[in-house]
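Here's the letter readout for the chains.
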Amino acid sequence: MADNRKREASVERKTNETDIKLAFAVDGTGDAKLETDVPFLNHMLDLFAKHGQFDLSVDAKGDIDIDDHHTVEDIGICLGQTLREALGDKRGIKRYASVFVPMDEALAQVVIDVSNRPHFEYRAQYPSSQVGSFSTELVHEFLWKLALEARITLHVIVHYGQNTHHMIEAVFKALGRALDEATSIDPRVQGVPSTKGVL
């Protein structure tokens, strides 16, 4: 029998570099309330929430006078922690998902196993190292910390594209849709979807 509890969690993380309050609900409506110092990340998180039908609230301030690194990294950490807590023992979930998303000329694929085994593979080559003031290397940083803290196996592949913004946008849309599918409840699943009996 699937677990009918509310799958949601929140966290507050305050360091010398960032001050973050984040709340995440797996079974949401795509409602995103995003206040960070990194506008491009706001845009990507909005896409992630909308396409995953998650409710996501982020209030984050960081040392962006240095650069965006700490803020982006710590939001990934917080999102991963809340995802892991919200899923609990993962009873009844589908566990796996593979999603392709096109964005005009770009095509991204995200493959997920909600496995309790953190692993991250990333295959992406962007034409530009920046989108506006946002460094594209921070996409890797965010996704890696998300996978690590959520304890999921996450493979992200950008198959092709010419516009860096489009390529990254396809990644975050695919991430939302894949995570939505992998965490959705399958009424046929008794207990957790693992021959070990635990995830």
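Calculation criteria
Residues numbered from 1 in each chain as written. Predicted model: local features only at pLDDT ≥ 70, side-chain atom pairs only at ≥ 80, totals over all residues. Heavy atoms only, no water. Helix = DSSP H or I, 4+ residues; strand = E, 2+ residues; numbered from the N terminus. Rg over C-alpha atoms; globule rule 2.2 N^0.38 Å. Buried < 20%, exposed > 50% of the residue type's maximum accessible area, 1.4 Å probe, protein only. Contact = heavy atoms within 4.5 Å. Lys, Arg positive; Asp, Glu negative; His and termini not counted. Charge placed at Lys NZ, Arg CZ, Asp CG, Glu CD. Axes fitted to C-alpha atoms, helices over the stretch in contact; angles between N-to-C directions. Left-handed = near helix turned anticlockwise from the far one by under 90°. Nonpolar A, V, L, I, M, F, W, Y, C, P; charged D, E, K, R; others polar. Salt bridge = Lys/Arg side-chain N within 4 Å of Asp/Glu carboxyl O. Pairing = 2+ DSSP bridges. Phe/Tyr/Trp six-rings, centres within 6.5 Å; stacked < 30°, edge-to-face > 60°.

With that settled, the discussion passes to the overall build of the protein. Helix and strand counts for the protein stand at four helices and 10 strands. Counting from the amino terminus, the protein carries its helices and strands in the arrangement β-β-β-α-β-α-β-β-β-β-β-α-β-α. Against the compact-globule benchmark of 16 Å for 199 residues, the protein has a radius of gyration of 16 Å, which places it among compact chains. Considering only C-alpha atoms, the protein reaches an extent of 50 × 40 × 30 Å along its principal axes. Here the protein holds 199 residues, and 53% of them are scored as buried. When contacts within the protein are restricted to residue pairs at least 6 apart in sequence, those whose partners lie at least 24 apart make up 77%. Distance between charge centres in the protein, computed from 22 positive and 31 negative side chains, equals 9 Å.

This part covers the packing of helix 1 (residues 39-52) against helix 4 (residues 164-183). If you want to describe how two helices pack, look at the angle between their axes and the distance between the axes. At their nearest, the axes of helix 1 and helix 4 sit 7 Å apart, and the two run at 35° to each other. In the crossing of helix 1 with helix 4, the sense of the turn from one axis to the other is right-handed. Across the interface between the two elements, Phe40, His43, Met44, Leu47, Phe48, His51 and Gly52 from helix 1 touch His165, Ile168, Glu169, Phe172, Lys173, Leu175, Gly176, Arg177, Leu179 and Asp180 from helix 4. Split by residue class, the contact of helix 1 with helix 4 holds eight nonpolar, five polar and four charged.

Time to look at the pattern of salt bridges. The final tally for this structure, using the stated rule, is 14 salt bridges. Notably, a salt bridge pairs Arg91 with Asp89, separated by 3.4 Å at the nearest N-O pair. Residue classification places Arg91 among the partly exposed residues on the basis of a relative accessible area of 34%. The closest approach of N and O atoms between Glu169 and Lys173, which form a salt bridge, is 3.1 Å. On the criterion of helical spacing, the pair formed by Glu169 and Lys173 is a turn pair, its members being four residues apart in helix 4. Each of Glu73, Glu141 and Lys145 takes part in a single network of salt bridges with overlapping partners.

Moving on: the sheet that holds strand 7 (residues 119-123). Taken in spatial order, the four strands make up an open sheet running 5-6-10-7, and their pairing is mixed. Unpaired on one side and paired on the other, strand 5 (96-103) and strand 7 mark the two borders of the sheet. For this sheet, the mean inter-axis angle between neighbouring strands, taken without regard to orientation, is 10°. Alignment of strand 7 against strand 10 (residues 153-160), held across five bridges, turns out to be parallel. Each residue of the ladder has a partner; that of Arg123, found in strand 10, is Ile157. Here helix 3 (residues 137-150) sits on the sheet in contact with strand 7 and strand 10, set at roughly 155° to strand 7.

Attention now goes to unusual backbone geometry. In this structure, Lys90 takes a positive phi of about 65° despite not being glycine. Considering the arrangement of structural elements, one finds Lys90 in the loop between helix 2 (69-87) and strand 5. In this model, Arg151 sits at a positive phi of 60°, which is unusual for a non-glycine residue. Turning to its location among the elements, Arg151 is positioned in the loop between helix 3 and strand 10. Judged by its relative accessible area of 26%, Arg151 is partly exposed.

To continue, consider the packing of aromatic side chains. Tallying each qualifying case throughout the model produces six aromatic pairs. Relative to Phe48, the ring of Phe24 has its centre 6.4 Å away and its plane inclined at 20°; by these criteria the two rings are stacked. Here Phe24 is found in strand 2 (residues 18-25), whereas its partner Phe48 is found in helix 1, with 24 residues between them in sequence. The exposure class assigned to Phe24 is buried, which follows from its relative accessible area of 2%. Measuring from ring centre to ring centre gives 5.2 Å for Phe48 and Phe54, while their planes differ by 40°; the resulting arrangement is tilted. Summarising the burial analysis for this pair, Phe48 and Phe54 share the class buried. Connected via pairs of aromatic rings, a cluster forms that spans Phe24, Phe48 and Phe54.

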